[in-house]
Amino acid sequence: YISGFIMGNLMMCDLLLGAMIPLSINTIISDGEWKFGDIGCTISGFAITAANCAANWALCLVSVERYLAILYPFNHSVYVQYVKYISIVLWFFVLAHNSVMLHYDDAFILIEDMYMCGPNLRSYPLYIVLLNLFDLVLPNIIIVYTYIKIHKEVQRHNREIAVNTLRSTSTKGDDLDMNSSTEWKAALVIIAIVGVFNVCWIPFGVGMLAYALHAPLPHGLAASLFWVALTQAGVNPLVYTILNRTYRKEIMRMLKCQLPIQRELSAVSL
């Protein structure tokens with residue numbers, strides 16, 4: 001199931017963002033004083049920005065995967081063969097265009113209103129605008145397009161099933177219905193994850209853009225938007241667990257220190 005591989009990229013982004021949280025917490029405790037030096041500030045700002053951008057594109061890849069699996073199952077097999085290479089290109093693309101800012105000494109600074117290190121918003125507003133366009137708006141346009149097409153295809157498929165059911169009740173039709181239902185349930189999980197991601201990150205992206213353009217922000221709002229965005233890294237595992245029965249089952253097996261099914265079968269066969 002190829003979505004699992006791409007979702008692994010999203011988990012990497014979540015872990016990277018989670019690793020930066022203690023630095024911001026320390027800054028809040030220290031009354032806004034950054035204690036990790038200029039290099040630490042650059043690393044933290046770059047990591048947060050790159051992880052956010054990569055997560056957007058990872059979700060976009062998942063939506064494309066669901067789109068091909070449901071609408072073009074034969075092309076989906078080709079996508080599966082090249083998905084690892086596509087993921088590598090994705091990370092290279094994200095790291096490359098985020099590395100542009102590393103050529104400037106003041107590219108990443110402590111943003112006092114957010115208690116975080118990030119891009120120098122007010123010195124390089126054009127960069128922030130382009131970042132939002134390429135890594136927030138564009139992936140979301142692709143995601144919305146693919147799920148609109150998926151929704152229309154599922155509606156068409158359901159209508160065909162209703163008509164075919166009146167004519168016959170063949171086993172083949174039941175199999176096709178089951179496959180379609182499985183693919184659609186998988187798509188629903190991804191839609192939920194995309195929705196959570198956008199609820200958390202779009203307000204922060206809008207706030208950064210407003211901050212870069214010197215728009216007045218109420219005291220504490222910028223920091224609140226930043227922390228709401230970071231909560232997405234912790235919410236994702238809950239979404240996986242709530243909506244995916246297989247994921248819930250495996251989590252329970254891990255908590256009970258039980259071996260995976262395949263290992264148990266192998267042990268029995270031996």
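Residues numbered from 1 in each chain as written. Predicted model: local features only at pLDDT ≥ 70, side-chain atom pairs only at ≥ 80, totals over all residues. Heavy atoms only, no water.

Observations concerning the overall build of the chain
Consideration 1: Along the backbone of the chain there are 9 helices and 2 strands.
Consideration 2: Listing each helix as α and each strand as β along the chain from the N terminus yields α-α-α-β-β-α-α-α-α-α-α.
Consideration 3: A total of 270 residues make up the chain; the buried ones form 40% of that total.
Consideration 4: Looking at the chain alone, contacts between residues at least 24 apart form 75% of all its contacts between residues at least 6 apart.
Consideration 5: In the form shown here, the chain has an accessible surface area of approximately 15,400 Å², with 67% of it arising from carbon and sulfur atoms. (Helix = DSSP H or I, 4+ residues; strand = E, 2+ residues; numbered from the N terminus. Buried < 20%, exposed > 50% of the residue type's maximum accessible area, 1.4 Å probe, protein only. Contact = heavy atoms within 4.5 Å. Areas by Shrake-Rupley, 256 points an atom, 1.4 Å probe, with all protein chains shown as cover.)

Things to note about the state of the cysteines
Consideration 1: Counting across every chain of the model gives 1 disulfide.
Consideration 2: Two residues, C41 and C117, share a disulfide whose sulfurs are 2.0 Å apart. Judged by the sign of its S-S torsion, about -110°, the cystine formed by C41 and C117 is left-handed. Taken as a pair, C41 in helix α2 (residues 37–71) and C117 in strand β2 (residues 116–119) lie far apart in primary sequence, 76 residues in all. Each member of the pair C41 and C117 is classed as buried.
Consideration 3: Residue C13 stays outside any disulfide, its sulfur separated by 9.5 Å from that of C53, the closest cysteine. (Disulfide = S-S within 2.5 Å.)

Looking at a nonpolar patch on the surface
Consideration 1: A surface patch of nonpolar side chains, amounting to about 620 Å² of accessible area, comprises L126, L130, L133, F134, V137, L138 and I141.
Consideration 2: Along the polypeptide, L126 turns up in helix α4 (residues 125–167). (Patch = residues over 30% accessible without salt bridge, like charges linked within 9 Å, V, L, I, M, F, W, Y side chains within 5 Å. Salt bridge = Lys/Arg side-chain N within 4 Å of Asp/Glu carboxyl O.)

Side note on the packing of aromatic side chains
Consideration 1: Enumeration according to the criterion identifies 9 aromatic pairs in this entry.
Consideration 2: With a centroid separation of 5.1 Å and an interplanar angle of 70°, the aromatic rings of W34 and F36 are classed as edge-to-face.
Consideration 3: A network of ring pairs unites the aromatic residues W201, F204, F226 and W227 as a single cluster.
Consideration 4: For R122, the ring lying beneath its charged end belongs to Y211, and the centroid distance is 3.9 Å. (Phe/Tyr/Trp six-rings, centres within 6.5 Å; stacked < 30°, edge-to-face > 60°. Lys NZ or Arg CZ within 6 Å of the ring centre and 35° of its normal.)

Things to note about the confidence of the model for the chain
Consideration 1: On average, residues of the chain carry a pLDDT of 76, and 74% of them reach 70 or more.
Consideration 2: The least confident element of the chain is helix α9 (residues 261–269), whose mean pLDDT is 40; the most confident is strand β1 (residues 108–111), at 88.
Consideration 3: Confidence drops under a pLDDT of 50 for residues 261–270, and excluding neighbours within four residues, the segment shows 4 contacts in the predicted structure. (pLDDT = per-residue confidence, 0-100.)

Overview of the nonpolar core
Consideration 1: With 59 residues, the main nonpolar core has M114, L121 and F204 as its most contacted residues.
Consideration 2: Only α1 (2–29), α2, α3 (73–99), β1, β2, α4, α5 (171–212) and α6 (221–230) provide two or more residues apiece to this core.
Consideration 3: It is α2 that contributes the most residues to this core, 17 residues altogether.
Consideration 4: In this structure M114 touches L121, F204, M208, A222, A223 and F226, once residues within four positions along its chain are discounted. (Core = buried A, V, L, I, M, F, W, Y, C linked by side-chain atoms within 4.5 Å.)

With respect to the environment of L95
Consideration 1: When you line up the elements, L95 lands in helix α3.
Consideration 2: Counting along the chain gives 44 residues from L95 to A51, while the straight-line C-alpha distance between them is 9.3 Å.
Consideration 3: If near-sequence neighbours (up to four positions away) are discounted, L95 is found in contact with F46 and A50.

Quick notes on the pairing of β1
Consideration 1: Sheet topology note: the β1/β2 ladder contains 4 bridges and is antiparallel. Paired with F108 across the strands is P119, a residue of β2. (Pairing = 2+ DSSP bridges.)

Describing the environment of S24
Consideration 1: The topology assignment puts S24 in helix α1.
Consideration 2: Sequence-wise, S24 and W227 are 203 residues apart; in three dimensions their C-alpha atoms are separated by 9.5 Å.
Consideration 3: What S24 contacts, discounting residues up to four positions off in sequence, is Y115, M116, F226 and W227.

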